[in-house]
Structures are given as C-alpha cells and as structure tokens.
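# Observations on the three-dimensional arrangement
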Amino acid sequence: MNTSAHDDAWLLEARSVTRRFGGLLAVDAVDLAVRRGSVHGLIGPNGAGKTTLLNLVAGVHRVSSGVLRFGARDITQHSSARRARAGIRRTFQNLKLFGEMTALENVAIGLHAQMRAGFFDAVLATPRHRREERSIEDRSMTVLHFVGLAGVAHVRSGALAYGHRRLLEIARAMVARPTLLLLDEPAAGLNVTEAAHVSELIARIRDAGTTVILVEHHMDVVMRVSDEITVLNYGRRLAHGTPAQIQEDPGVIEAYLGRSGENEGAQA
Amino acid sequence: MGALSVSEFVDLMVGGLAIGCVYSLIALGFAMIMRATNIIHFAQGEVMMLGCMCGLTSVWLLPVLPLLLVVAVGMASSGIIALAMELAVYRTLRRRRVPIMNLITATVGMSILCINAARIIWGSEPLRFPELFATTAYEFGGVRISPQLFWIMVMGVAIMGALQLFLKHTRTGLAMQAVAQDPEAAQLMGANLTRMMAYTFAISGMMAGAAGIMLGSMFFAFFEMGFITGLKGFVAATLGGLGSITGAMLGGILFGLIETFSAVFLSSAYKDGIGMILLIAILLVFPSGLVGLWQKRR
Amino acid sequence: MTASFDPTAPRRGAVHRVTLLVVAALIVLPWVEADKFALHILSLIAIASIAAMGLQVLLGYSGQLSIGQAAFYGIGAYTSALLTAKLGVPFPLALIGAGVAAAIASLLMVPITRLTGAYLAVATLGFSIIVYLFIQNEEWLTGGSYGFIGIPRAELFGYVLRDPMLSYYLNVGVAAIVYFTFARIEGSRFGRAINAIRQDADAARASGVRVTLLKSECFVIAAFVAGLAGSLYAHEVRYLAPNDFTFWKSIEILIMVVIGGVGSLAGAILGAAVVVGLPEYLRAIGDYRMLVFGAILIATMLFGEGGLAALCATLVRRVGEVSRRLALKLPPRNETAP
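These notes cover the structure that comes with them. (Residues numbered from 1 in each chain as written. Chains lettered and ligands numbered in written order. Predicted model: local features only at pLDDT ≥ 70, side-chain atom pairs only at ≥ 80, totals over all residues.)

## Observations regarding the overall build of chain B
Of regular secondary structure, chain B possesses twelve helices and two strands. Taken from the N to the C terminus, the helices and strands of chain B come in the order α-α-α-α-β-β-α-α-α-α-α-α-α-α. Taken over the C-alpha trace, chain B has a radius of gyration of 19 Å; the compact-globule value for 298 residues is 19 Å, and the two agree within 12%. Taken along its principal axes, the extent of the C-alpha atoms in chain B is 60 × 50 × 35 Å. By sequence separation, contacts in chain B at least 24 residues apart represent 77% of the contacts at least 6 residues apart. (Helix = DSSP H or I, 4+ residues; strand = E, 2+ residues; numbered from the N terminus. Rg over C-alpha atoms; globule rule 2.2 N^0.38 Å. Contact = placed C-beta atoms within 7 Å.)

In structure tokens, the structure reads:
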C-alpha cells in the first residue's frame, strides 16, 4: 500500500498467511518480514508449523489465505518452479539429493534454469551446448569449493557421508546465486563440529549477498548465526526479535520448557 | 436415437447394474490393494479370469454343481492364486524396497504369465458356461427381468455387503483397515503387517473370482477376458476414487451404467473406447474421483 | 551411465573401442552371412531396437512407464504405408512423415505427462487402446482387419531396395543413427535434467526444472522414434494388420527394455535381439514365447534389474580382471576390486 524506500528493506513478506490441512490449522495468520541481506531464523517446538511455513514460502503448498510478497512482486499464486526461477531456492529437511548422480551433477541441476541448451543442442554438440557445459562445470566446482566438497565432486552422492550430503544440498541450492535461500534444518543429525561448520557456512552465504530463512532445532546454530528470529508455536507467531531478545522472552521459554515433557515421543 | 420404451430402458438398467456389479467387485480388489501397497495390481484382471476358468472347470468335472458352489469354487481359486502371487513375488520385492516402477513391472509380468498360462491350459477359443440360472424371465409388476442378471445383481450386492460387514465388524477387518491407513501405528497396536497384506490379496482375489464367474456366465470365458475387463474395473475404481472401497463399489455401478447406456448411442465398435476416454478424463480432471468430489463439498 | 564432467577418460576409451568393434562387425556381417532370412531377422531386430530405444528414453532416462508405444509404432507404420502406397510419396519423406505423424499424435498425451507411476502407465495404455480401435475400425483408411497390403519396398534416391542386404543396411543404419543420437543425451543439460526428474521430481522442480515440459519432450521424442520404426517395419514386411499393434506389442517393447536393462541404450538393443531373435532360434518355444517372457520379466525384477546390459558389463569386467591378473601372473582373488 505505501511504496517507500522502507519497503525495499524487506525481501520477503508474509502477511497473515494461513494453511489448513483438512481440519488442522498448521499455520495460523502468521506475519513474517525478512530483511534483505539477513539471516532470519525460524524456530519453535515440534509441530509448530515451521516447515509448513517454509513450504508455503517455497510454493510447495498453496496458502489457504494471506499474501506472500517477494521483493515488489506478489508471488502468492506462483508455482514452486516459478519461484525457484525467480531466485528462491531451498533445501529439504529429509535431503532430496539425486542419489545416482555425482556431487557435481547434483549441483549442475541447480543451474538448469539459468541455461538454455536442449535436446538438439546436446545431439548436435552446438557451441551453445559446449559453452554452457563449461560454464556449468566451472560454476558448480566453485560452489563445491565454497561449501568444502571439492574433493568429492565426482563421487556418487548416494555414497557420500551424511554430513557431506547436507552440505551438497546447500551447494545445489546456492549455485544459482539465489536471492533468497530457504534452509530446512540444515544441521539435523550433525555432530557439534559439523554443525559449527554449517553455521559458519550460513554466515558466509549471507556475507556473499544471499538472504537466508533458517528453520533449525540446533539452538547454538540458530542463535549464533541469525540476525533476527521468529518463533512459532501451534501455528501462530509467538515472538520476534534478535537472538538475545528471544532467549530472554518468557513466552518462548515457557513454550519450550513447558512442552519439553510432552514432547517425549512426539513425532518430529 | 430417439426415446427408449420402458422395457428397453429396464433392460438397459438391469444390464448396466449387473455388469456394474462385476466391475465393482474388480474395482474393490484394485482399491484394497492400492490402499495397502500403493501399487496398481496389473494382474487383477487375470486373477478374475483364472477364477472364472477354475469355476468353469469345476462345472465340467461335476456338472451337478449348484450355482453357489461354482461361485465358491471360483472365489476360492482366485483367492488362492492372488495369495500365491503375493507370497511368491510381491512380498520379496517389497521387502527389498525395490523402486515402485519395478513392482509395477513385476505385476505386468505376472499378468503376461497368467494370460499365456491360461491360453496353454484352456486354449484360445471362447468357452461357454452351462446354464446356471433359470431361463424363464421373472416378472415384477409388468416388467420382465432375466434371472441371470437378477441373481448376479443380488449376489454382487450380497458379497459386497458381506465384505463391508467383515471390514467394519471383525477384528481382522478392522486391522486391515488400520494397516491401510497407517501401517506404523497399526503395527504398534499389534497388527501383523505381512499377514494383513496376505489377507488383502486373498480377499481381493476372492472378489475378483466372484466377478469372473458372473462375467463368464453372462458372456463367455476366454484367456484374455481379464485384460479389458480388468482395465475397466480399474477405470471404475478410479472413478470412485482410488483407495476408497465405497468409492470402488459406487464407481463400478456407475461405470456399468455409463457404458451400457452410451453403447446404445455410440458405435458398438468403440464401446471399449468409452472406458478408456473416461479413464484419461478422470485421471486428468478429478484424480481423486467421486469420493474426492464428495469430500470437497463438505 | 557415465557421469557428466567425469575426467575418468580410460572408461570412455574402452566403451568407444567396443562400440567401434560392434559397428565394424555389423557392417561386415552381410558379407560373412548372406542368408536372406537371417538378414531379414536382423532387420526386424534393428527396427524393434529403435522402438525400444525410444522407450528407454521414456522409462530409463526420465522414469515414465509408458505401455502405449505400440500406438505410435502403429501410427508411423500406417502413415508411411498410406503416404507411399496411396499418395506416391518417396520413401525418405514417408519415413520422416511417419515420425512426424507419431510425434504430433503424442502431443495429445502432453496433459497425461502430469501423471506419474502406475497412473501414467494406465493412461498410456488407455491411449494405445483407443488408437488400436481406430486402426481396426476405420477400414476405409487402414484396411481394418483385412489388413493393408501392397506396401512398396523402401527406396533411396530412386533405387528400390530389393536385396535383403540393402534393407538390412537401411534398418541397421537408422538404428545406429538413433543410438548415437540418444547416446549424446547423457552428459548434457537435457540428460541430467530428465535423470533428475526420474530420481526426484520434486527436488528437480525446486531447482527450477520445468518438469512437465521435459517429460512431454521425452514423450514426443519416443513417439517420433517409434514412428520411424513403424515406417521401417511397414516397408520391411509390406503388410500391416491391426493385430500387430495391440497392447501386446507395447508390452513386447517394454520387455525388450527391461530384459536389456532399464537405463541402458545398448541394453535396449540386446533386449530387442532377445525378444525378436530368440523365438526364431528356439522354435520349440513357439507358443510358449510370451509365457517365457512374462517369467523373464518377473525374474529380472526379482534377481537383477540391470538386465542383460549389466550382466554383460559384469562379464566383461570379470574377463578383463582375470586376463589382467593372468598377464601379471598374480594369484586369483575372490572379490573383485571396488
């Protein structure tokens, strides 16, 4: 409604976004404003709706109501592939790598939308094909260096260690230099050292100019690298602020501590 | 074209309902297997065919066999055959967690195997069923109905009713439903997954066997009968909403009526094509079928 | 499948050497074995392998199970027959025309490519049944059950290919072109993308890949190639009947791909050789042909999805291993190297 320089600061805005699954209200009128060039953490107890909200931003689910804005554009009705091409990339909580392909090939898929060579280019080995293949190889190797996987570029991704696979997911999402990167529990299942490496990687990603929304359970990762944090509980926004503010917020503390007993045995 | 007389209408109605019952029974099998394993059992039509053939063979061996026993033989044999398929092949493939494409291909292979085995055993000529029903038409208030079609409808409804009772009111039936909805939770409650899977195949096989006897007595038995009819049973299941048992039953009846009535107005040469076009249309436009539409309204 | 960007050149060299050997053998073959019937069978194998390679792109590369390829095979066959016999179109144009007709027909399938797994399979099956019904019923066009007779032989540059050896070269030549065309897909953007779609379509979509568009492209490519095969078939046997283009033909093509190894182009050719060639050399099978193939299909799923191609590759590797060890005079080992 008001177009001012102030709005330029917000890369992604979710206004009163809701998502219903049958009778279940997974995300309930959530507002989210992500500042350009920041790392925005998204935390909350199990089942709070974090991954659902991320999926809404990514376009995997349609919002039941509400508006999503990316830069100046309303992307509420856009498909996920369209958003990907517009500069929103994501990783998956359960790792969706192409297991039969090498690390390098996985990353190359991230560049698919930036290139044009098609079936006939491949068959006839046109200059465009050769030019693009070289570019893809260079850019993919660069990003593998960036995350620290250059040594395993030609290893089948299914054969990589778990920690490396998580890094590869990030590399694939990063290679197209997305404007907005959605990370869904990138440190899940990692040990302390690996988690620290991921934190440091996220910071470098932000410094390279990509805005990040980070869903994570590893508190040290979130607190260390986030510029701002939004806390969800029962699908609603519970709190919002800097890591320091969130750590002191009584509502947040209660939500986590009060529920820690009930959470035993609950599904992730 | 033009209007139909009352008796013509009744004939079509009865014919459509009867073949609809056949489709429903086959569709049920698809739905049950789909719920339990997430695959389309390509060989379901062949299970029906083999049940029909076994039933026919039993009548050859014992000509005095009454109708109900013939149906029982048909149901038992196809139940066993379907169970054998599961035990010999499908179970192993699932345990190995092969990609779903391989499972589907295996069912295609099973289908080929059955069709050709049947051709070798029973030959490639269509085989007539002996008269299993009375021949003089029944009369209900001035309307004449063929006994064969009448009893097929009655049997079909009875079998489907029995199945519903079984699923809703017996421990095993409830366990099967639980496993179909949420295998992990059901297992935690004590359900034996492998046994439930076996029951699923056996029961869907039995349904198909009944359908086979009915179909065979309405037309004739031959080695390829399972192919197109199986496909139509699948269309019916999809129409009702794949994975829904009630939907399969309704879909079968509805499809039987659609096919019978439209054959009057369209060239009979393309009669089979109706089902195929309907199938593609459903898959594209409302893949969740009738049940899906119903649920959306609520 | 060899990886893109992979610097392991030695493997590539070996594959090239084997391919050259095979091509040379195929060129020389008719001079060694001039039996007309054998050449005819080899022609049929080549023709079948073209359709199989098309399905390989669909199934092996992009992961779409289509059991309706016979429809495009049939459309190609009848189109070519009509163009040459009724309209006097020269064969090379009819050949391309057949491919184009099949490709255009496949555009009808584009909405279907949204589907996956068994739903897609059933939809392709439904489509192929509709095409079959059309072929059978529209007698004025196709001759229906009476068949389409009087299809002229293939001719190139005005020269009729009367000698089986010449049609052998034609059919094997087209098959080779198709093979080498598809072989170039693997290490390319297109090839990687459809491979990714096969492994995880959602992840591909999240990376910006236009999944439905690419899946449709694969359908059109496979249909075009099946149409080419149909045309070659029509001019090889010079008589068409609807029975040649039923669901069973689609299944045969699937069997070729599965037996040969899903994902391997060479496997598609091996599979075609087995499905078309085996019954000729094992006359005893005769009636039991499809029964045996059904069993092989199940067995392949149970025991080894790599099919014949994987089997051959393992054999070649073992032989290479053994001969290397013999050459170096090393003791035999139980396990092969990773």
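Read on for the rest.
## Re the interface of chain C and chain A
On the chain A side, the residues contacting the 28 residues of chain C number 32 residues. Broken down by secondary-structure element, the contributors of at least two residues to the side of chain C that touches chain A are helix 8 (189-199), helix 9 (201-206) and helix 10 (211-237) of chain C. For the side of chain C that touches chain A, the element with the most residues is helix 8 of chain C, which contributes eight residues. Its residues assigned to classes, the side of chain C that touches chain A comprises eleven nonpolar, eight polar and nine charged. (Nonpolar A, V, L, I, M, F, W, Y, C, P; charged D, E, K, R; others polar.)

## Describing the sheet that holds strand 8 (residues 211-215) of chain A
Within a sheet, adjacent strands bond to each other through the backbone by hydrogen bonds, running parallel or antiparallel. All names here are of chain A. On the basis of which strands lie adjacent, the open sheet formed by six strands has the order 6-7-8-3-9-10 and mixed pairing. Bordering the open sheet on either side are strand 6 (88-90) and strand 10 (236-241), each of which pairs with just one other strand. Shown here is a sheet whose adjacent strand axes are inclined to one another by a mean of 20°, direction ignored. Examined bridge by bridge, strand 3 (residues 39-43) and strand 8 share four bridges and lie parallel to one another. Paired with V39 across the two strands is V212, which belongs to strand 8. Against the sheet, helix 8 (residues 192-207) engages strand 3, strand 7 (180-184) and strand 8, with an angle of about 150° to strand 8. (Pairing = 2+ DSSP bridges. Axes fitted to C-alpha atoms, helices over the stretch in contact; angles between N-to-C directions.)

## Remarks on the interface of chain B and chain C
On the side of chain C, 31 residues touch chain B, which itself brings 32 residues to the contact. Broken down by secondary-structure element, the contributors of at least two residues to the side of chain B that touches chain C are helix 3 (67-95), helix 4 (100-122), helix 9 (225-240) and helix 11 (271-285) of chain B. A class-by-class count of the residues in the side of chain B that touches chain C yields 25 nonpolar, six polar and one charged.

## Some words on helix 4 (residues 91-106) of chain C
In this model, helix 4 of chain C (16 residues) spans 22 Å end to end at C-alpha, consistent with the 22 Å of a helix rising 1.5 Å per residue. On its buried side, helix 4 of chain C packs onto helix 3 (69-86), strand 1 (155-156) and helix 10 of chain C. (Expected span 1.5 Å × (residues − 1).)

## Comments concerning the arrangement of the chains
Ranking by contact count across two pairs of chains in contact places chains B and C at the top. If you take every C-alpha in chain A and every C-alpha in chain B, the smallest gap between them is 10 Å, and the two do not touch.

## With respect to the nonpolar core
The tendency in soluble globular proteins is for nonpolar side chains to be buried as a group. In terms of nonpolar packing, the biggest core is built from 292 residues, with A171(A), I50(C) and V225(C) touching the most fellow members. In terms of residue count, the dominant contributor to this core is helix 1 (residues 6-37) of chain B (17 residues). Taken together, domain 1 (7-87 + 180-194 + 211-262) and domain 2 (96-177) of chain A each give at least three residues to this core, which thus spans both. When sequence neighbours within four positions are dropped, the list of residues in contact with V225(C) reads I50(C), A51(C), M53(C), G54(C) and V178(C). (Core = buried A, V, L, I, M, F, W, Y, C linked by C-beta atoms within 7 Å. Buried ≥ 20, exposed ≤ 12 C-beta atoms within 10 Å, placed from the backbone. Domains from an automatic or database assignment.)

## Focus on helix 4 of chain B
End to end, helix 4 of chain B covers 33 Å across 23 residues, agreeing with the expected 33 Å (1.5 Å per residue, within 8%). Positive phi shows up at G123(B), right after helix 4 of chain B, with a value of about 80°.

## Here's the deal with the pairing of strand 9 (residues 228-233) of chain A
All names here are of chain A. Here strand 9 lies mainly inside the structure; five of its six residues are buried. The pairing of strand 3 with strand 9 spans four bridges and is classified as parallel. Bridge pairing links L42 to T230 in strand 9. Summarising the sheet, strand 9 and strand 10 pair through five bridges and their orientation is antiparallel. Note on strand 10: the bridge partner recorded for V231 is A239. Between strand 9 and the antiparallel strand that follows it, strand 10, lie two residues; Y234 among them carries a positive phi value of about 50°.

## A word on the environment of T52(A)
Topologically, T52(A) is positioned in helix 2 (residues 50-58). Sequence separation between T52(A) and F70(A) is 18 residues; the distance between their C-alpha atoms is 18 Å.

## Looking at the packing of helix 3 of chain C against helix 11 (residues 247-260) of chain C
Residues and elements named next belong to chain C. Two elements in contact, helix 3 and helix 11, have axes whose closest approach is 7 Å; the angle formed by their N-to-C orientations is 110°. Considering the angle they form, helix 3 stands roughly perpendicular to helix 11. Where helix 3 crosses over helix 11, the handedness of that crossing is right-handed. Residues Q69, A70 and Y73 of helix 3 touch helix 11, and the partners they reach there are F247, K249, S250 and I253. (Parallel < 35°, antiparallel > 145°, perpendicular 65-115°, else oblique. Left-handed = near helix turned anticlockwise from the far one by under 90°.)

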